[in-house]
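# Overview (structure and organization)
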Amino acid sequence: MRPLNLPDQNLSEPDLSTLDLRDLDLFDLDLFTDGPPHELFRRLRDEAPVCFLPEPNGPGFWAVTRYADVVAASRDAATFTSAPRVFIEDPDEAVGDDHLLINIDPPRHTKLRKIVNRGFTPRQVAMLEPRVREIVVGLLDAVPEHGTFDLVTDVSVELPLQVIAELVGVPHEDRHRVFALTEIMMSVGDPDLGHTVEDARAAITEMFGYVDALAQERAANPGDDLLSRILAADVDGEALTPIETDFFFMLLMNAGSETTRNLITGGMLALFDHPEERARLQSEAALLPTAIEEMLRWVTPVMHFRRTAARDVELGGEQIRSGDKVVLWYTSANRDERAFPAAARFDVARTPNEHVAFGAGGPHFCLGASLARLEARVMFEELLTRMPTLEPGGPVRRLGSNFINGIKSLPVRTA
Ligand code: HEM
């Protein structure tokens, strides 16, 4: 479904049920204000599972929406490369993001990932559980026992932020400054926050200044943290350059904090929206591991990543040309009725549940998957037992984004 001419029209208020799918503008953030447009993704899966769509400042991209196609492309990393980048839009000028691990193909990717891999194995992550619980308990102790608080800012943001800051080696008192910078980078386009591409560039520059200063300090006094490990790394006989170190730091901080927070908030919201499933989980704590997997499928905090075709190839019956952008919509794959029976149902006991929230396999599969699972499990263990009557206490405010399925505010209270 590749149109010869890309449409040039105002798509702000399309009739979604009759819209010609080739006219669909997935950069229209109005589509995402109430969460991902699942009905549109269902139409794409049924009618045009590999569909060429327009982008505002670029050549357009193939939207891949069925589970089987997303998995096939993700696992064929030689054909569907992560370079030059996994974000849909290409910047007008070089920004150096070719140094970002997630944008690099094997074999260099394999060597870079090895520098930090050891810190994220299931065994290594399991050892963090007491500290994760300590942080969770501290956060829940600090919120009012009988009053309203914001699940996002008081709880969900803080846990992954504190954990990743400690792992990377960011001093506790600096974590909010670093986090504020990652937030600016991730929220360009959100109308409430009003951050521009220029703001994001300025945030990146400020973060790199911060990393360079911290790296100097850490090079002189190495610790048992990831930054020290990155600074000591030897890849093909060479240390990483300062800019490579900056990007590595930025990726760990962004990926570690902007995602898990939305799993926690979105997971709680799913429980609020499905009281019968919540009651089932609260009466049978052993269901928590499957419930977390279902939250991952249901929320899909990272909605897509892009690949670039390295050769002409067929995917889902469409002819993709070398150089085309191919976007893997995890948020759609995770609701694909072909892969998940009763996919539109939130089921805390769903088994099997081979969701693609952490990616669909291949060399870039989420480095932090075990850590995110641990953080979510400990958080819900404590939340559900300490606050069994937690209920919504105000309107949900969502992040305007077609990339992160984010929640900015979720007021809650205990009954
Ligand atoms: C619920 C939470 C999380 C979700 C939904 C998530 C999702 C993802 C996805 C979809 C990818 C891309 C996979 C691919 O391209 O095949 C990814 C990669 C990555 N994630 Fe996560 N992530 C989460 C938590 C974390 C955490 C806590 C960390 C901690 C450091 C982390 C670090 C990374 C890194 C470094 C990569 C790039 C790996 C590479 O390029 O080799 N993520 N994540």
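A brief report on the enclosed structure follows. (Residues numbered from 1 in each chain as written. Predicted model: local features only at pLDDT ≥ 70, side-chain atom pairs only at ≥ 80, totals over all residues. Heavy atoms only, no water.)

Neighbouring the ligand are 29 residues, the closest being H109, R113, R307, H364 and C366. Residue R307 places a side-chain N or O atom 2.8 Å away from an oxygen atom belonging to the ligand. Broken down by secondary-structure element, the contributors of at least two residues to the shell around the ligand are α3 (108–117), α11 (242–257), α12 (260–273) and β5 (304–309). The greatest single-element share of the shell around the ligand, amounting to four residues, is contributed by α11. (Near = heavy atom within 4 Å. Polar contact = N/O pair within 3.5 Å; in protein donor to acceptor, adjacent residues only side chain to side chain. Helix = DSSP H or I, 4+ residues; strand = E, 2+ residues; numbered from the N terminus.)

To continue, consider the pattern of salt bridges. Summed over all chains, the structure comprises 39 salt bridges. Each of E39, R42, R45, D46, D336, E337 and R338 takes part in salt bridges that share partners, so that together they form one network. (Salt bridge = Lys/Arg side-chain N within 4 Å of Asp/Glu carboxyl O.)

Counting protein donors to the iron atom of the ligand gives just one, C366 (SG), placed at 2.3 Å. Note on placement: C366 falls in the loop between α15 (330–333) and α16 (369–386). (Donors = N, O, S within 2.8 Å, 3.2 Å for Na, K, Ca; no water.)

Let us look at unusual backbone geometry. Note the cis peptide between P106 and P107, where omega equals 10°. Within the element layout of this structure, P107 appears in the loop between β3 (80–81) and α3. Cis rather than trans, the peptide bond between T351 and P352 has omega equal to -10°. Structurally, P352 can be placed in the loop between α15 and α16.

So, about the environment of L44. Structurally, the position occupied by L44 is in helix α1 (residues 38–47). On the basis of relative accessibility, which here comes to 0%, the residue L44 falls in the buried class. Considering only alpha carbons, one finds L44 and W329, 285 residues apart in sequence, at a separation of 11 Å. If sequence neighbours within four positions are ignored, L44 has contacts with L21, L24, P49, C51 and T65. (Buried < 20%, exposed > 50% of the residue type's maximum accessible area, 1.4 Å probe, protein only. Contact = heavy atoms within 4.5 Å.)

What follows is about the sheet that holds strand β12 (residues 411–414). Read from one edge to the other, the open sheet built from three strands follows the order β4-β12-β9, with strand pairing classed as antiparallel. Whereas interior strands pair on both sides, the edge strands pair on one side only; in this sheet they are β4 (148–150) and β9 (390–392). Mean inter-strand twist for the sheet, computed between neighbouring axes without regard to direction, equals 40°. Two strands pair when backbone bridges link them, and β4 and β12 are joined in this way by three bridges, in the antiparallel orientation. Across the sheet, residue F149 finds its bridge partner in β12, namely V412. (Pairing = 2+ DSSP bridges. Axes fitted to C-alpha atoms, helices over the stretch in contact; angles between N-to-C directions.)

This part takes up the packing of helix α5 (residues 129–142) against α16. For any two helices packed against each other, the geometry comes down to the angle between their axes and how far apart the axes lie. Direction vectors running N to C along α5 and α16 enclose 40°, while the axes themselves pass 10 Å from each other. The angle between α5 and α16 falls in the class oblique. Crossing handedness for the pair α5 and α16: right-handed. Note on element contacts: α16 touches α5 through L374, E375, R377, V378, M379, E381, E382, L383 and R386, opposite E129, V132, R133, V136, V137, L140 and D141. The class makeup of the residues in the contact of α5 with α16 is eight nonpolar, no polar and eight charged. (Parallel < 35°, antiparallel > 145°, perpendicular 65-115°, else oblique. Left-handed = near helix turned anticlockwise from the far one by under 90°. Nonpolar A, V, L, I, M, F, W, Y, C, P; charged D, E, K, R; others polar.)

In this structure, β9 lies alongside β12, joined through three bridges in antiparallel fashion. Bridge pairing in β12 places E391 opposite R413.

Applying the stated rule across the entire model yields 12 aromatic pairs. Between F41 and W329 the ring centres are 5.2 Å apart and the planes differ by 40°, which places this aromatic pair in the tilted class. With F41 in helix α1 and W329 in strand β8 (residues 325–329), the pair connects residues that are 288 residues apart, well separated along the chain. Taking the relative accessible area as the measure of exposure, W329 reaches 0% and is therefore buried. Put simply, the rings of F87, F305, Y330 and F403 pair up and form one aromatic cluster. Between the NZ or CZ atom of R297 and the centre of the ring of F340, over which it lies, the distance is 5.2 Å. (Phe/Tyr/Trp six-rings, centres within 6.5 Å; stacked < 30°, edge-to-face > 60°. Lys NZ or Arg CZ within 6 Å of the ring centre and 35° of its normal.)

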